[in-house]
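# Notes for the structure review
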Amino acid sequence: MEQTSIYYFTGTGNSLKVARDLADQLGGAELVQISKKNLHRAGTVHAGVVGIVFPVYYAGLPHMVRQFAENLAASDTTYVFAVATYGGMPGISFDLLSEVLALRGIPLAAAFGIPMPGNNQVLYAPVSVGEQEKRFRDEENLIVEVARSVKSKKKILPKPVNRISRLFFGIFYGRLKPHDRDRHFHTDENCTSCGICAGICPAGNITIQGGRPVWHHQCEYCLACLQWCPATAIQYERKTVSRGRYHHPDITVQDLVQE
């Protein structure tokens, strides 16, 4: 198979798990995290096959994924596909990505949705362990079908979003202003100054000062800091105090550390 590069954005590991499974099914692929340190990789001219794997945020694209796509360089023969992971539905994420890529002269050849455990603990508690396990099993089956389509470069356009839903999702997505959301994070007395939050932040938004994390208002709202804190010491206002945490059990902190 031609050179395949899969770019993924992840906070809890869901999209990394999907990217890894897809690479395995394809017989190998270059895996690159979409993060602050890797944004320059979008400017590399790509041929062959390019995949973009991302979680759906507020029915749309994570801002860093959008930024990556806005700078993606690819030939007009490149097969570009997208895989969205989501707890509910893909919303307008594929539409937004397709529009951004079109401005670069790059058609989105195929789009696939993979339901995964929802992980916005600012809004809701994690789904049950039983539901998580069901979604993990479903993902393993779905990824086989995705790989089969990618291998054959099958064109699978995303299902059109009707005008009313597009308007509703557009308003909802407009509420996602991630950079200033970090003003709501704080640590409680359980903080051990381990520094994991700073190490795994894909935006490079956290430093440890005086033994505590400090957020610098370049947040992507991926909630990695909150979800991966081993002491459950990071809170978002008071909303997350009584809610559990979630990250994919097959992904480790070491997988996400920004070198």
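Our structure is the block above this text.
Thresholds applied
Residues numbered from 1 in each chain as written. Predicted model: local features only at pLDDT ≥ 70, side-chain atom pairs only at ≥ 80, totals over all residues. Heavy atoms only, no water. Helix = DSSP H or I, 4+ residues; strand = E, 2+ residues; numbered from the N terminus. Rg over C-alpha atoms; globule rule 2.2 N^0.38 Å. Buried < 20%, exposed > 50% of the residue type's maximum accessible area, 1.4 Å probe, protein only. Areas by Shrake-Rupley, 256 points an atom, 1.4 Å probe, with all protein chains shown as cover. Lys, Arg positive; Asp, Glu negative; His and termini not counted. Charge placed at Lys NZ, Arg CZ, Asp CG, Glu CD. Salt bridge = Lys/Arg side-chain N within 4 Å of Asp/Glu carboxyl O. Pairing = 2+ DSSP bridges. Axes fitted to C-alpha atoms, helices over the stretch in contact; angles between N-to-C directions. Contact = heavy atoms within 4.5 Å. Parallel < 35°, antiparallel > 145°, perpendicular 65-115°, else oblique. Left-handed = near helix turned anticlockwise from the far one by under 90°.

### Observations regarding the overall build of the chain
Helix and strand content of the chain: eight helices and eleven strands. Whereas a compact globule of 259 residues would reach a radius of gyration of roughly 18 Å, the chain reaches 18 Å, a difference of no more than 12%. Each principal axis of the C-alpha atoms in the chain carries an extent, and together these give about 55 × 35 × 35 Å. When each of the 259 residues of the chain is scored for burial, the buried share is 51%. On the chain, roughly 11,800 Å² of surface is accessible, and the fraction owed to carbon and sulfur atoms is 53%. Treating the 27 positive side-chain charges of the chain as one cloud and the 23 negative ones as another, the clouds have centres 5 Å apart.

### Quick notes on the pattern of salt bridges
Applying the stated criterion across every chain yields a total of twelve salt bridges. Put simply, Glu131 and Arg135 hold a salt bridge, and the shortest N to O gap is 3.0 Å. Of this pair, Glu131 and Arg135 both sit in helix α4 (residues 129-151), four residues apart, roughly one helical turn. Under the relative-accessibility criterion, Glu131 is labelled partly exposed at 29%. On the basis of relative accessible area, Arg135 is assigned to the buried category, the value being 19%. Between Glu237 and Lys239 there is a salt bridge whose closest N-O contact spans 3.5 Å. Taking the relative accessible area as the measure of exposure, Lys239 reaches 41% and is therefore partly exposed. One salt-bridge network, in which partners are shared between bridges, spans Lys17, Asp21 and Asp250.

### Describing the sheet that holds strand β4 (residues 49-55)
If you walk across this open sheet you meet the five strands as β2-β1-β4-β6-β7, and the pairing is parallel. Single-partner strands in this sheet number two, and they are β2 (30-33) and β7 (110-115). For this sheet, the mean angle separating the axes of adjacent strands, direction not counted, is 20 degrees. Bridging between strand β6 (residues 79-86) and β7 involves six bridges; their strand directions are parallel. Within β7, the position partnered with Thr85 by the bridge is Ile114. Across the sheet, α4 is in contact with β4, β6 and β7; its angle to β7 comes to roughly 170 degrees.

### A word on the packing of helix α1 (residues 14-26) against α4
When two helices pack together, their arrangement is given by the angle between the helix axes and by the axis-to-axis distance. At a minimum axis separation of 9 Å, α1 and α4 run at an interaxial angle of 55 degrees. By the criterion of interaxial angle, the relationship of α1 to α4 is oblique. Of the two possible hands of crossing, α1 and α4 adopt the one that is right-handed. When α1 is examined against α4, the residues Lys17, Val18, Asp21, Leu22, Gln25 and Leu26 are found in contact with a partner set consisting of Glu139, Ile143, Val144, Val146, Ala147, Val150 and Lys151.

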